[in-house]
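In case you want the letters, here they are:
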Amino acid sequence: NPQLLFITLVYGFVLFKASNLISDGSELLLLVPAFAGIVGSVVLPVLGAVPDGMMVLFSGLGNDAQSEVAVGVGALAGSTIMLLTMPWF
């Protein structure tokens, strides 16, 4: 299906650009000496955890929240395992 392929490529491109913007912004935040300790130890880990938490939170919004949250937690675990496995290939 060409539409599915197109939207997948667009989604991948948007994620790529967003990841680069977040990376550039975090490097700029670390350049401020007064905030470097707080940014590196608090702000960046929180920014990394917020998308995961939102994925689980919004997966539970529905009629059958328990099974929907299970799907969200499964997706979170799967994405974490994929990110840990990718560097090996």
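Here the structure is a predicted model, which means the values were calculated and not measured.

## Structural notes on the layout of surface pockets
Piece 1. Here the largest pocket is characterised by a volume of approximately 540 Å³.
Piece 2. Along the walls of the largest pocket sit 14 residues, with L15, P51, D52, S79 and L83 positioned nearest its centre.
Piece 3. Among the secondary structure elements, those contributing two or more residues to the lining of the largest pocket are α1 (2-30), α2 (36-59) and α3 (65-85).
Piece 4. For the lining of the largest pocket, the element with the highest residue contribution is α1, accounting for six residues.
Piece 5. Tallied by class, residues from the lining of the largest pocket come to eight nonpolar, five polar and one charged.

## Description of a nonpolar patch on the surface
Piece 1. On the surface, V32, F35, I38, V42, V46, V50, M54, L57, F58 and L61 cluster together into a nonpolar patch covering about 920 Å² of accessible area.
Piece 2. Assignment of secondary structure puts V50 in helix α2.

## Observations concerning the packing of α2 against α3
Piece 1. Look at α2 against α3: their axes get within 7 Å of each other, and the N-to-C directions meet at 155 degrees. Here α2 is positioned roughly antiparallel relative to α3, judged by the angle of their axes. Where α2 crosses over α3, the two elements pack in a sense that is right-handed. Touching D52, M55, V56 and S59 of α2 are E68, V69, G72, V73, A75, L76 and S79, all from α3.
Piece 2. Residues that form the contact of α2 with α3 fall into these classes: six nonpolar, three polar and two charged.

## Some remarks on the confidence of the model for the chain
Low pLDDT marks regions whose predicted coordinates should not be analysed in detail.
Piece 1. Considering every residue of the chain, the mean pLDDT works out to 80; 99% of them sit at 70 or more.
Piece 2. Taken element by element, the chain is modelled with least confidence in α2, mean pLDDT 78, and with most confidence in α1, mean pLDDT 84.

## Focus: the packing of α1 against α2
Piece 1. Two numbers describe how α1 lies on α2: the axes approach to 8 Å, and their chain directions differ by 145 degrees. Seen from α1, the contacting residues are S26, L29 and L30; seen from α2, they are A36, V39, G40 and L44.
Piece 2. For the contact of α1 with α2, a count of residues per class yields five nonpolar, two polar and no charged.

## Quick notes on the environment of M55
Piece 1. Within the secondary structure, M55 sits in helix α2.
Piece 2. The sequence separation of M55 and V69 amounts to 14 residues, and the corresponding C-alpha distance is 9.2 Å.
Piece 3. Beyond its immediate chain neighbours, meaning those up to four positions away, M55 contacts A75, L76 and S79.

Cut-offs used in this document
One numbering rule holds for all chains: residues counted from 1, following each sequence as written. Confidence filtering applies because this is a predicted model: local features only for residues at pLDDT of at least 70, side-chain atom pairs given and counted only at 80 or more, and all residues used for totals across whole chains, interfaces and linings. The basis for every side-chain value is the complete set of heavy atoms in the structure, and neither hydrogens nor water enter the calculation. Computed over the protein atoms alone on a 1 Å grid, cavities are sets of points where a 1.4 Å probe fits but cannot get out and pockets are open sets with protein on both sides within 12 Å along at least five of seven lines; a residue lines them when it has an atom within 4 Å of a point. Grid points are joined across faces, edges and corners, and a volume is the space filled by probe spheres set on the points. Each helix is a run of DSSP H or I of at least 4 residues and each strand a run of E of at least 2, with the numbering of both proceeding from the N terminus. Classification used: nonpolar for Ala, Val, Leu, Ile, Met, Phe, Trp, Tyr, Cys and Pro, charged for Asp, Glu, Lys and Arg, polar for all others including Gly. Any residue with relative accessible area above 30% and no salt bridge may belong to a patch, with like charges joined within 9 Å and the nonpolar Val, Leu, Ile, Met, Phe, Trp and Tyr side chains within 5 Å. Per-residue accessibility takes into account occlusion by the displayed protein chains alone, with areas from the Shrake-Rupley method and a 1.4 Å probe. Here a salt bridge means any side-chain nitrogen of Lys or Arg lying within 4 Å of a carboxyl oxygen belonging to Asp or Glu. Helix axes are fitted only over the stretch in contact, all axes being lines through C-alpha atoms; the angle between N-to-C directions runs from 0 to 180 degrees. Convention used here: angles under 35 degrees read as roughly parallel, angles over 145 as roughly antiparallel, angles from 65 to 115 as roughly perpendicular, and any remaining angle as oblique. Less than a right angle of anticlockwise turn of the near helix away from the far helix marks a crossing as left-handed, whereas a clockwise turn marks it as right-handed. By the convention used here, residues are in contact when the closest approach between their heavy atoms is within 4.5 Å. The predictor attaches a confidence to each residue, and that confidence, scored 0 to 100, is pLDDT.

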